[in-house]
Amino acid sequence: MAREYKTISEIAGPLVFVQQTEPVAYGELVTIRLSDGSTKRGQVLDSSKDLVAVQVFEGTSGINRDASVKFLGETLKLGVSKDMLGRILSGAGDPIDGGPEIVPEARLDIIGAAINPYARDNPSEFIQTGISTIDGMNTLVRGQKLPIFSGSGLPHNEIALQVARQAKVRGSGEEFAVVFAAMGITNEEAQFFMRDFERTGALQRAVLFLNLADDPAIERLITPRLALTAAEYLAYEHDYHVLVILTDLTNYCEALRQIGAAREEVPGRRGYPGYMYTDLAMLYERAGKIKGRKGSITQFPILTMPGDDITHPIPDLSGYITEGQIVVSRELHRKGVYPPVNVLPSLSRLMNAGIGVKKDHHGNLRTLTREDHKAVSDQAYAGYAEGRDLRGLVAIVGKEALSERDRKFLEFADMFEDKVVRQGRDEDRSIEQTLDLLWDLLGHLPEEALTRLDRKYIEKYHPKYKAKAAHAPAAVAATR
Amino acid sequence: MAMQVTRERTSGKGTIYRISGPVVTAQGINSRMYDVVFVGKEQLMGEVIEIQGDKTIVQVYEDTSGVRPGEPVVETGRPLVVELGPGLLTSIYDGIQRPLVVLKDKMGDFITRGVQAPGLDHAKKWDFKPTVKKGDAVQPGTILGEVQETPTIVHRVMVPPDAKPSKVRDIKAGKFTIDEVIGTLDDGTELRMMHKWPVRVPRPNEEKLRPEIPLITGQRILDGLFPVAKGGTAAIPGPFGSGKTVTQQTLAKWSDAEIVVYIGCGERGNEMTEVLTEFPELKDPKTGGPLMNRTVLIANTSNMPVAAREASVYTGITIAEYYRDMGYDVSLMADSTSRWAEAMREISSRLEEMPGEEGYPAYLAAKLAEFYERAGRVKTLSGKFGSVTVIGAVSPPGGDFNEPVTQNTLRIVKVFWALDAKLAQRRHFPSINWLNSYSLYQDSLNDWFAKNVGQEFLDLRAWAMDALQQEAELQDIVQLVGSDSLPAEQQVTLEVTRMLREIFLQQNAFHPIDTFAPLERQLKILRAIKRYEVLSKEALARGVPVRTIGSVKSKSELGKARFEQDFDKAYEVVMSGMEQEFKVMEAA
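Residues numbered from 1 in each chain as written. Chains lettered and ligands numbered in written order. Predicted model: local features only at pLDDT ≥ 70, side-chain atom pairs only at ≥ 80, totals over all residues. Heavy atoms only, no water.

It is worth spelling out a nonpolar patch on the surface at this point. Together, I396 of chain A together with I477, L480 and V481 of chain B give the surface a local cluster of nonpolar side chains, amounting to about 350 Å² of exposed area. It is helix α12 (residues 455–481) of chain B that provides the largest number of residues to the nonpolar patch, a total of three residues. Structurally, I396 of chain A is set in helix α10 (residues 373–397). The exposure class assigned to I396 of chain A is exposed, which follows from its relative accessible area of 53%. (Patch = residues over 30% accessible without salt bridge, like charges linked within 9 Å, V, L, I, M, F, W, Y side chains within 5 Å. Areas by Shrake-Rupley, 256 points an atom, 1.4 Å probe, with all protein chains shown as cover. Salt bridge = Lys/Arg side-chain N within 4 Å of Asp/Glu carboxyl O. Helix = DSSP H or I, 4+ residues; strand = E, 2+ residues; numbered from the N terminus. Buried < 20%, exposed > 50% of the residue type's maximum accessible area, 1.4 Å probe, protein only.)

Further remarks concern the nonpolar core. If you look at the biggest cluster of nonpolar residues, it comprises 84 residues, and the most contacted ones within it are L88, F128, M193, V261, I319, Y323 and L332 of chain B. The biggest single contributor to this core is helix α6 (residues 306–325) of chain B, with 11 residues. (Core = buried A, V, L, I, M, F, W, Y, C linked by side-chain atoms within 4.5 Å.)

Moving on to the interface of chain A and chain B. Taken residue by residue, the interface counts 73 residues in chain A and 74 residues in chain B. Of the roughly 6,200 Å² buried between chain A and chain B, counting both surfaces, carbon and sulfur atoms make up 53%. Joining chain A to chain B, the criterion identifies four salt bridges. Linking R18 of chain B and D46 of chain A is a salt bridge whose minimum nitrogen-to-oxygen distance equals 2.5 Å. At the surface where chain A touches chain B, the tally comes to 33 residue pairs in polar contact (both at pLDDT 80 or more). Looking at the side of chain A that touches chain B, the elements with two or more residues in it are β5 (39–48), β7 (68–75), β11 (114–115), α6 (276–284), α7 (313–321), β21 (341–348) and α10 of chain A. Take the side of chain A that touches chain B: its biggest share by element is eight residues, from α10 of chain A. (Contact = heavy atoms within 4.5 Å. Buried area = accessible area lost by both parts, 1.4 Å probe. Polar contact = N/O pair within 3.5 Å; in protein donor to acceptor, adjacent residues only side chain to side chain.)

This next bit is on the pairing of strand β7 (residues 81–84) of chain B. All names here are of chain B. Along β7, one buried face is formed by V81 and E83 and the opposite face, lined by V82 and L84, is buried too. The pairing of β7 with strand β18 (residues 195–198) spans four bridges and is antiparallel. Paired with V81 across the two strands is P198, which belongs to β18. (Pairing = 2+ DSSP bridges.)

For the rest of this paragraph, the subject is the packing of aromatic side chains. Residues and elements named next belong to chain A. Tallied over the entire structure, the rule returns 22 aromatic pairs over all chains. Clustering of aromatic rings is evident, with ring pairs tying together F180, F192, F193 and F197. Of note, R257 hangs over the ring of Y272, and the distance from its end group to the ring centre comes to 4.2 Å. (Phe/Tyr/Trp six-rings, centres within 6.5 Å; stacked < 30°, edge-to-face > 60°. Lys NZ or Arg CZ within 6 Å of the ring centre and 35° of its normal.)

Further remarks concern helix α11 (residues 404–421) of chain A. Residue and element names in this part refer to chain A. Look at α11: 25 Å from first C-alpha to last across 18 residues, which is about the 26 Å you get at 1.5 Å a residue. At M415, α11 is bent by approximately 30°, the largest bend along its length. For α11, the full list of buried residues reads D406, F409, L410, F412, A413, F416, E417, V420 and V421. Of the surrounding elements, those touching the buried residues of α11 are α1 (132–135), α8 (330–334), β21, α10 and α12 (431–442). (Expected span 1.5 Å × (residues − 1). Bend = angle between axes of the 7 residues up to and from the residue.)

Before going further, it helps to spend a moment on the domain arrangement of chain A. Residue and element names in this part refer to chain A. As assigned here, chain A comprises domain 1 (3–75), domain 2 (78–367) and domain 3 (373–479). The straight-line distance from the C-alpha centre of domain 1 to that of domain 2 is 32 Å. When domain 1 packs against domain 2, close to 1,000 Å² is buried across both sides, 59% of that on carbon and sulfur atoms. Of all residues in domain 1, P14, R41 and F57 give up the largest surface area on contact with domain 2, accounting jointly for 42% of the area buried on that side. In this structure, R107 engages E74 in a salt bridge whose closest nitrogen and oxygen atoms are separated by 3.0 Å. With three residues, the single largest contributor to the side of domain 1 that touches domain 2 is β5. Of the residues that constitute the side of domain 1 that touches domain 2, the class distribution is six nonpolar, three polar and four charged. (Domains from an automatic or database assignment. Nonpolar A, V, L, I, M, F, W, Y, C, P; charged D, E, K, R; others polar.)

What follows is the structure, encoded as structure tokens:
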């Protein structure tokens, strides 16, 4: 019933304009058959009685006025199945691992409806990533969207992989399924991810969508939506806890800008479209948990900040939507620290909900991490911030001019980077190890400077008292 | 002209000409600007925003994917209205007053489209007690009677503001739904507990009053240094992660307004869920009942339709005005007005309007001004006093305040609470920068503070601001030479301002006691720090070394006293301890 039209009137960038059609739905899927017999896919961006604008995912090269345009009468959908796990798909959702076609159990609209805020469940389950700067200082919880803000040439991929390998909710025995969406990354980077997934056996519980650097840019606009649709299906229909890694959002936003420019839209900041906030929100907001459903979606998007500038529109708008950010620092990377996470500008907004010991609805105590977690992390933050400030002063007046107190803080900052931030690529620290490590370092600060720590925690966990408590019975025994 | 009258009676029908995202162009209808129309086979709700020749441009509040040219457009002949009556409190709405609870029942866990849901429960019966009787003269806005809406709030049913002055013909007590007639006026007007009001039209009042009563927030830096008046306007701009939302939520919880309207405009879903789960469990400090009993929530998250986001602030402020008209003090939190402005920008760019600064429409400033102007403390039509305080969060791109939304907002609002990412990074919360923030209400509120807290509070405030200003200057020097090279007196000043920052300005929103500091406690903390300064300077004069003064234990004790249930007792202990410590100090 769908008719083909040979009424292309204009082609501009990724857009094709078609005249005199039947009424075409906004968002409708389109196939374009070229004169050489090949086909391309697209989507309706603007539909009126006289003219229809189509955005072509594979790019418009090779299309001329002779190409025929067919409107498929439905919006873009993805066939989903549990069998997607273990598969590698293209950025448009077609298998590229040589395996069979995926037999869909359902066909879902890729746009994804907004979760009713009233149906959402509060994220509160601590995810242990084994990385101290995340677990101890910027805790990730199930259902959160916590991006890595990085720069080109920094080891964000390694960090993402380490998280994907090590992430677990303790005591639950549940594993994460991983949905990985690559947007415009290089073949080499994609290989790096695939090798690691294969090496660790993670591929069996992963779905990979790959849009590589030489794939059409416009396709990048649908790749993350396909990935999130697959993730939602696995989470909400098959009870999986899904970790979605999206990389690199910067390439996604570039594609968005390209479309905006082709449509001659009024540009917002730095040429990016004014609706980029809403558009990014449509991706990020698909993280979450829903009441009464077992699965969850946790997002770990990666974006590289152009010029390491956190105020650039891409990290800026992302930061307003995501629940915090992990900032990777070039300075620490140069010092040879891995993972080079700068905790000061990093943040996890859902941290408080996922740490410490909490009362549940029945008044029972639930141990999420440890009672002293928040206080220790706050104290370490304050100490590290103060120590780093002092580095500037030392550069001018020298260490000798510092007071005793200041010198301790300076040392604290150095030790913090060396002992807490630095860790091995396969080092999986438990939260207790991380917290004890922080206490060891805090033990070097003058006790009266520990203003954020309750007396009872100091007596229980401070190395000085802890050692005493451990030694006291022994001492008694010895005197007898 | 005759045709137009007909049109209003029987709603007309047209067809869709064009669809571009949330903007739909219709042909063959003749609606007025801002009238509501229903678009497409699924009857998606929209609002007329432009008329060009025979084409009418509509912004649609729901997703338009799958809608085709040629589908029907139905006129309603009325503007976007909200339903006002008992049942608003404790509700959670989307941007166009559809209850999220009802939407969940009808659509499931995800927000789909084409579902109509009235703002109020039309089946529920409320116990109405008239306060007027037959023959009483009534005006628009006159209070007709009362309904116990929630255990803590009495809902006052009013003559709609657009009715005419008349006399009560009859009025009944008893249980009614909001649609049932509870009485009539002499001119035949039927009275009900509910009336509708267009969201884009401010509700009328008798007169606006000077803002001279502070909105007490229990936040030391706000009440103490930068107070906002009841009926005033305040803006909280700050980069992401600087604590806008926590500050907004803290204000919603603790400010001494009787009604809270909280608009989550284009913000995070999980954050709204946190509000939705936390507010019903939180205890209202004044009544002991759940905080939700005096709250209306509007949640239009960032991925919900953008046109409904544009409408959400109007829905919210109309509800706020309605409670103001009953004689209540209402505070309205809009988080975030930047997202609202962006919704305007998005619609404007779809309309291909000539852009102003950074792509925002040229009417941005006017729209912001109109919105904030709906705040105010008023004498209502019924002669009561009520207020709407508007506190708007602003999310400037890159944290740079030099952008159109922040700048246009600052031109209107009287209080500016500048959030500072640097403070947030060192976990100084609330991370409001004391050097950049200001309140233009200080002078008009001075009388109230002098009368209710004491002149001492005002003097201490001036002293604290002065000390903090000095600190900023001294810090420049310290950055170069270290604090040990400063003269002893200035070292004491730095110690005093450190106390001001750490003990007075910092406040833990998550600590059960510290989250709310009554004015009395704020005064005592300031007094204690001032006393420390006086004692330190005396000690210096006696020849006591700075190091000895700096090691006074009562400093940290004072910090801890903030967390004590019995603050007054802890305070007495700290103060006598401090006096003692200084007394025994000896000259070097």
